[in-house]
Every structure is written in C-alpha cells, then in structure tokens.
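# Working through the structure, step by step
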Amino acid sequence: MKTILFVACCLIGLNTWNQSEEIVIQGHVFDRTYGDPLVGVSIKTMRGDIATVTDFNGSYLMKLEKRAYTLIFSLPGYLSQEIKVATDRTLDVKLQLTGPENEITLDERENSAKSKVREAKYSRDAEMAPTGISFSSRQTNQEPAWNTEDYDFIRENGFMSTSDQSISTFSADVDRASYSNMRRFLKQGNRPPVDAIRIEEMINYFHYQYPLPDTGDPLAIYSELGTCPWNPKHHLLHVGVQSERIETEHLPASNLVFLIDVSGSMNQANKLPLLISSFRLLVDQLREQDAVSIVTYAGRSEVILNGVGGREKDRIIEALDALLAGGSTAGAQGVLTAYHLASENFIKGGNNRVILATDGDFNIGISSDSELTRMIEQKRSSGVYLSVLGFGMGNYKDNKMQKLADSGNGNHQYIDDIQEAKKVFIHEFGGSLFTVAKDVKIQIEFNPKKVAGYRLIGYENRKLENQDFNNDEKDAGEIGSGHTVTVLYEIIPAGIQSKWLSSVEKRYTSKDETSSYAKDELAFVKLRYKNPDGTDSKLIQLPVGQMVKSDSDLSQDFYWTAAVAGFGMILRDSEFKQASTIDQVLGLAKKGKGKDLEGYRAEFIELVEKSTRIYGLDHLEDEPRVDQK
C-alpha cells in the first residue's frame, strides 16, 4: 500500500512539475501603420528549432519549455523584430513595413547570400531598437510629387433615344481594380483622377445575392426595376448575372505561372514586399494537383521555378521571399517566357493561367500598348488565361494593365493592401482564377412603346457593335466561379420629355405596332457565352416586365448598387449625376448594407464619409442637375 501511495505521489508531482515547466506565448501580429492583422508571419526561436505562423486573424500560440527565449517575428516586406520572453505572456506585436533606407540594392540581389544579408540587417536593427518598439520608417502615404500614373480618358455614356437606337450591346466585365485604386486615393486623403473612376468596376467589386443557375447553364440572369434615386421621374433597371459556384475541391487542376516584376520601380514597400505577401496567401491555397512556375523580369527575364507541385509550398515561398528589386523593365520578354512555361506545363482541361504582378511600367523591348496588346492577343488562342495584378503608386500604369487583361482573356485587380490580397486570393479564390464562361456578351433591347431613352451606367470601354453579339469570333469578357456581374440602366419612360433626348424625324420606320411583346415588356435581355474550352456560343434570354417595384419591395442589392453608382458619378462630377448627393448615397448604402460578413460595405460607407473631408461638401453637393423638363 505504501509503495502504491509513493508511486502515485511521484506521478502527481511529475505531472505538476511538467505543467510548471511549460510556458505559453500567444497573441496577435498587426501592421504598425494600418493596424491590420498580418497573415503568415513567421515566429521562431533564435535557434530556429521551434516555429509557428500567424493565422488569417493574425493570431498565434506557442508552447515552450520553461526558459528564456528570443523570438523572431518576420514577414517579407516588413522589418523583423526580436523579443525576449521567459514566462507565460500575451504578446501583441506590431511590424513595420520596410522604408527606403532599409531596401536592398541591386548589387545585393546578385549576391548568393542575399537572403542572409537581409536577415542579418534586420537582426542588427532589432537589437539596437528598444524592447517592444518597432523600428525604421516607411514611405509617406501621400502621393509622390513625381506622379506619372496613366489612365485612359473615359467619355461617359449618354442617353440614347429608343427611336434612334433601341439596342445596347457590351462585353461583361468582372474587373475590380478601379474600386481598390479609388480606395487607395481616398485613404491617403487624395482625390482620385476622374478617369480612374470606372463605375461598373466599383459596382462589381461587391458580391450580390442573385439566384444561382438552375437550367444547366453556368450563368443565370436576374432583373429588378425601381425608381431612380437621383431623378424620380426616371426608372433604374438593375440587371444581374450570377455564375455557378464550384467548391474548391472540385475545381480543375491549375497550372499557374507567377510573372513578377522585380525592376527598380518595384523597390517600394507597397510594391514588391506587398506582392510577395500577397502571393504567399495564394500559395497557401494550392492543392497537390496544382503546379506553379515563377518568372521574374527586370533588365531580362529569369525562370526561378518551373512546374513545382502544389505540395511543395515551402519551396515556392522560399523562392518568393528571396526576390529583390532592381534594374530596368523588360516586361515583354517576361510575358513571352511566362507563356512558354504555361504551354510547356499545360494541363488539358485544367486552369492554365499567367498571373502578371507589376506596376505596369515597361521600358525595355516592346513597351507600347498596341504592341503589347497584339502580342497578348496572339497568345490568347493557346488556352492560357492572363490575370493582371497592379501594385503601387506614383507610376502605376492602369491603362496598360487594363488592355493586357482584356486582351489575354483575363481580369485586372489592384492590390492596395494585404486585406485586398486576402479578398482576391482567399475569399474569391475560385472567381479570381477559375473561368466558368468566356466571351460573355450582353445585349438589351428596349421597347420603344415603354422606354423613350436609356443610359448604360459605366462599361464605356466594353461597348460592342450590335452585330458583334452574334459573332463568335469577337472576343468578350470572362466570368469566374461564383462571380456576379451587375449592370445598371437609367430609363426615361415613354411620354416623359427630357433635355437628354433629341428627337430625329424619320420618314421610314420598322416598328412592329402589332407585336404582342410590346404590351407588357419593358426590355429583353440576351446573353451569349462560351464554355472555357468551347468555340461556339450559347444563348440565355430573359424578358423584363414593366412593373416598377415600390421602395419597400426593392432588394438590398438594388439600393446598394444605386449608392455605389451615385458615389461614382459624384467622384467623376458627372453631368448625369443630377440630384445625387453624399447624404443620398449614405442613405441608400445604409438601406442596402445587409449582413456584410466581410465588412466591405461598411468600409465603403466610411470612404463616402471620408470623401466629404477631402472634397468639401460644396464641391460634392453643388446645384442638383435634375431634368426639370
């Protein structure tokens, strides 16, 4: 009995000793400037024998044997930080983005020990900094004085008279770059250039609750008609397109080529370092059946990885972390190399895609928009898609990246912070990278008996000739898994006199006065698409009734899209904004906010409120231009 008691006491004592000999370190890691949680931060002991990384909320937990440690917190694009611990502790850490004085030179890029140089430098700076205090500085948030950003001129769509032209045709668009770029300007306290505001991209930045396809097609059409908020005499037609949602495990295998600009113009904290952190998020989503190649370009292109399997995440991340910026920009050479690797590793029936990440500043070899566009168009028929990710400010070439994405059967996104990278590569992984329908065209015919005139809001650079709708040789937009496309038309009802419409006297007319459709339909929507590997288009159709919903019956999405469109017109100081005001935009947005699980809509409302301080109410809410006729 004594022996049993002795053994039991020893076991209890041993258990108590084990618990007392363990310490727990936990907490969160944030961006010091913006306060955002940081994903994928490496946390390891000085000896490197124990390590972990932060999750999507920036949180971590480490259980260590009880003794003193020096923990190293590191993330590409941020200055590493060393903190000593010896007891249980809740430790929240703020990492500082690298500033210009901490950037690595081109000579160091050629050094075989470049990654060690960087880590050594960070460690020395950390030792000199006070405990728990982030060191170094980053570049100012304000626009550089040397602004050479490029945007194509946008001439807004005007009102069309149905007596002259009752049909409107355009290509679908799922680009969202304009919204995040606009957000970047407003967050910095600056006014975005007028031509940086593409209203359709602002609207399509958000997800909407449209009915899913149920007819065997990958797309479904939805419509809703209400009173136009900025002109109660007019109607607002809301047309939505919803694509099928494919679960990640059922998505086809991916052959991805990361085409990364490492030229000197990328040597800023919000360019290459943010790019690397963004791609780390994408790598974390890879599956075993996926493959990744990495091509970089500066003065010349270089193959870093070729067809590495998705299971080798550490190898891919190591290659990304070693990238440093310097030199000129031979972008065209990099494009050719990337397409060559994509063809070499081509997966039949898979998702073959080049992902170009750049500020768009090409300056060696083929660099004109027209030459680059022709080159991309020639590669389009290979079955390889092109996604374009824009980074940085000051020399951002929005117009060039728009053209490349459009010509390469792809999409264009602007990454202004790590949260936008999470949206593109995590929350919208399928939609961003997996096409379910290509060459998507939309054509709407308005009934002249019900509609005197109409205006397509946005899509200025997506308009097509009416005869292009049935031409399967004509290229158009692509839609990814789970994506929504939203279209708004401002409608002038028949019988309403308007200064926006000029009458044209006709001797001859082809109106069919006996058509039964003319009695009940406001419009007729047609959509053509091809399967991702198809050559022949398929047709989907939907009649739009003339019934205008009451305000109480309108969906939250109707109110939300009207708010975003109104804000876009205000930012453009559009001649068509009429009675739009910031107060009206905020009222519509709050009606349409809904559940907003990711917080994107709440952020929009904050941006609208911030804009009043940037522009001043007098500019934003000058005399309403309501059509009084």
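For clarity, every value in this text was computed on a predicted model and none was experimentally measured. (Residues numbered from 1 in each chain as written. Predicted model: local features only at pLDDT ≥ 70, side-chain atom pairs only at ≥ 80, totals over all residues. Heavy atoms only, no water.)

### A word on helix H14 (residues 582–592)
Regarding H14, the residues found buried are Ile-582, Val-585, Leu-586, Leu-588, Ala-589 and Gly-592. Taken around the axis of H14, the buried residues stretch over an arc of 165 degrees, which confines them to a single face. Those residues of H14 that are exposed and angled more than 90 degrees off the buried face are Asp-583 and Lys-590. Phi for Gly-594, located one or two positions after H14, is positive at around 65 degrees. (Buried < 20%, exposed > 50% of the residue type's maximum accessible area, 1.4 Å probe, protein only. Helix = DSSP H or I, 4+ residues; strand = E, 2+ residues; numbered from the N terminus. Arc of directions from axis to C-beta.)

### With respect to the pairing of strand S1 (residues 22–31)
Look at any regular strand and the pattern is simple: side chains alternate between the two faces of the sheet. Where burial is concerned, the two faces of S1 differ: the one with Ile-23, Ile-25, Gly-27, Val-29 and Asp-31 is buried and the one with Glu-22, Val-24, Gln-26, His-28 and Phe-30 is not. Of the pairings in the sheet, the one linking S1 to strand S7 (residues 89–90) comprises two bridges and is parallel in character. Its bridge partner being in S7, Gln-26 is matched across the sheet by Thr-90. Bridge count for S1 against strand S8 (residues 93–95) is three bridges, and the pairing is parallel. Considered in S8, the bridge of Val-29 is made with Val-93. (Pairing = 2+ DSSP bridges.)

### Here we look at the side chain of Glu-156
Among the secondary structure elements, Glu-156 is positioned in the loop between helix H3 (114–128) and strand S9 (160–161). When its relative accessible area of 18% is taken as the criterion, Glu-156 is described as buried. There is a polar contact of 2.9 Å between the side chain of Glu-156 and the side chain of Ser-574. Leave out the neighbours within four places in its chain, and Glu-156 touches Arg-455, Glu-460, Arg-572, Ser-574, Glu-575 and Phe-576. (Polar contact = N/O pair within 3.5 Å; in protein donor to acceptor, adjacent residues only side chain to side chain. Contact = heavy atoms within 4.5 Å.)

### So, the packing of aromatic side chains
Tallying each qualifying case throughout the model produces 25 aromatic pairs. Judged by centre distance (6.0 Å) and plane angle (70 degrees), the rings of Tyr-454 and Tyr-489 are edge-to-face. Here the residue Tyr-454 occupies a position in strand S20 (residues 451–456), and Tyr-489 occupies one in strand S22 (residues 484–493), the gap between them amounting to 35 residues. Here Tyr-489 falls in the buried class, since its relative accessible area comes to 0%. Directly above the aromatic system of Phe-185 lies the positively charged group of Arg-184, at a separation of 4.2 Å from the ring centroid. The ring of Tyr-600 is capped by Lys-423, whose NZ or CZ atom sits 5.4 Å from the centre of that ring. (Phe/Tyr/Trp six-rings, centres within 6.5 Å; stacked < 30°, edge-to-face > 60°. Lys NZ or Arg CZ within 6 Å of the ring centre and 35° of its normal.)

### Considering the pattern of salt bridges
All chains considered together, the criterion is met by 27 salt bridges. For Arg-183, the salt bridge identified is with Glu-420, shortest N-O distance 2.9 Å. Placement of the pair is Arg-183 in helix H4 (residues 177–187) and Glu-420 in helix H11 (residues 418–427), with a sequence separation of 237 residues. Owing to a relative accessible area of 2%, Arg-183 belongs among the buried residues under this scheme. (Salt bridge = Lys/Arg side-chain N within 4 Å of Asp/Glu carboxyl O.)

### Observations regarding empty space enclosed by the protein
Counted by the stated rule, this structure contains two cavities of 30 Å³ or more. Estimates place the volume of the second largest cavity at around 60 Å³. What lines the second largest cavity is a set of 13 residues, among which Asn-411, Gly-431, Thr-435, Glu-478 and Gly-480 lie closest to the centre. Those elements that place two or more of their residues in the lining of the second largest cavity are helix H12 (429–433) and strand S21 (477–480). A breakdown of the residues in the lining of the second largest cavity according to their chemical character gives four nonpolar, seven polar and two charged. (1 Å grid on protein atoms, 1.4 Å probe; cavity = no way out; pocket = protein on both sides within 12 Å on 5 of 7 lines; lining within 4 Å. Points joined across faces, edges and corners; volume = space filled by probe spheres on them. Nonpolar A, V, L, I, M, F, W, Y, C, P; charged D, E, K, R; others polar.)

### Here we look at the sheet that holds strand S6 (residues 81–85)
Pairing is antiparallel across the open sheet formed by four strands, whose spatial order is S3-S2-S5-S6. The open sheet is flanked by strand S3 (51–53) and S6, the only strands paired with a single partner. Neighbour to neighbour, the strand axes of the sheet diverge by 20 degrees on average, direction disregarded. For strand S2 (residues 42–45) and S3, the ladder comprises three bridges, and the chain directions are antiparallel. Its bridge partner lying in S3, Lys-44 is registered against Ala-51. (Axes fitted to C-alpha atoms, helices over the stretch in contact; angles between N-to-C directions.)

### Things to note about the nonpolar core
In this structure, Phe-206, Phe-567 and Phe-604 are the most contacted members of the largest nonpolar core, which totals 41 residues. Counting only elements with at least two residues in this core, the list comes to H4, helix H5 (199–204), helix H13 (556–572), H14 and helix H15 (600–615). In terms of residue count, the dominant contributor to this core is H13 (eleven residues). Not counting the four nearest positions on each side in its chain, Phe-604 is found in contact with Tyr-179, Phe-206, Trp-560, Ala-563, Val-564, Phe-567, Val-585 and Ala-589. (Core = buried A, V, L, I, M, F, W, Y, C linked by side-chain atoms within 4.5 Å.)

### A closer look at the pairing of strand S5 (residues 69–74)
In terms of burial, S5 is largely enclosed, as six of its six residues are buried. Residues Tyr-69, Leu-71 and Phe-73 point to one face of S5 and Thr-70, Ile-72 and Ser-74 to the other, with burial holding for every one of them. Here S2 pairs with S5 via four bridges, running antiparallel. Within S5, the position partnered with Ser-42 by the bridge is Ser-74. As defined by bridge partners, S5 adjoins S6 across five bridges and the pair is classed as antiparallel.

### Some details on the sheet that holds strand S16 (residues 351–358)
A sheet is described by the order of its strands in space; here six strands give the open sequence S15-S14-S13-S16-S17-S18, paired in mixed fashion. Sheet topology places strand S15 (301–309) and strand S18 (412–414) at the edges, where each strand pairs with a single neighbour. When the angles between neighbouring strand axes are averaged without regard to direction, this sheet yields 15 degrees. In this sheet, S16 lies alongside strand S13 (residues 254–261) in parallel orientation, the contact comprising seven bridges. Considered in S16, the bridge of Phe-258 is made with Ile-355. Packing against the sheet, helix H6 (residues 272–284) makes contact with S13, S16 and strand S17 (385–390), and its axis sits at approximately 170 degrees to S13.

### A look at the confidence of the model for the protein chain
Averaged over the protein chain, the pLDDT score is 84; the fraction of residues at 70 or greater is 82%. This stretch, residues 100–145, has a pLDDT under 50; its non-local contacts, to residues over four places away or in other chains, come to 85 contacts. Every residue in residues 618–629 scores below 50 in pLDDT, and together they form 39 contacts with partners more than four places removed in sequence or on other chains. (pLDDT = per-residue confidence, 0-100.)

### Here's the deal with the packing of H13 against H15
Relative orientation of the contacting elements H13 and H15 amounts to 25 degrees, with a least axis distance of 12 Å. Between H13 and H15, the angle falls in the class roughly parallel. The crossing of H13 and H15 is left-handed. Contact residues: Asp-557, Trp-560, Ala-563, Val-564, Phe-567 and Leu-571 in H13; Arg-601, Phe-604, Ile-605, Leu-607, Val-608, Ser-611 and Tyr-615 in H15. Tallied by class, the residues present in the contact of H13 with H15 amount to ten nonpolar, one polar and two charged. (Parallel < 35°, antiparallel > 145°, perpendicular 65-115°, else oblique. Left-handed = near helix turned anticlockwise from the far one by under 90°.)

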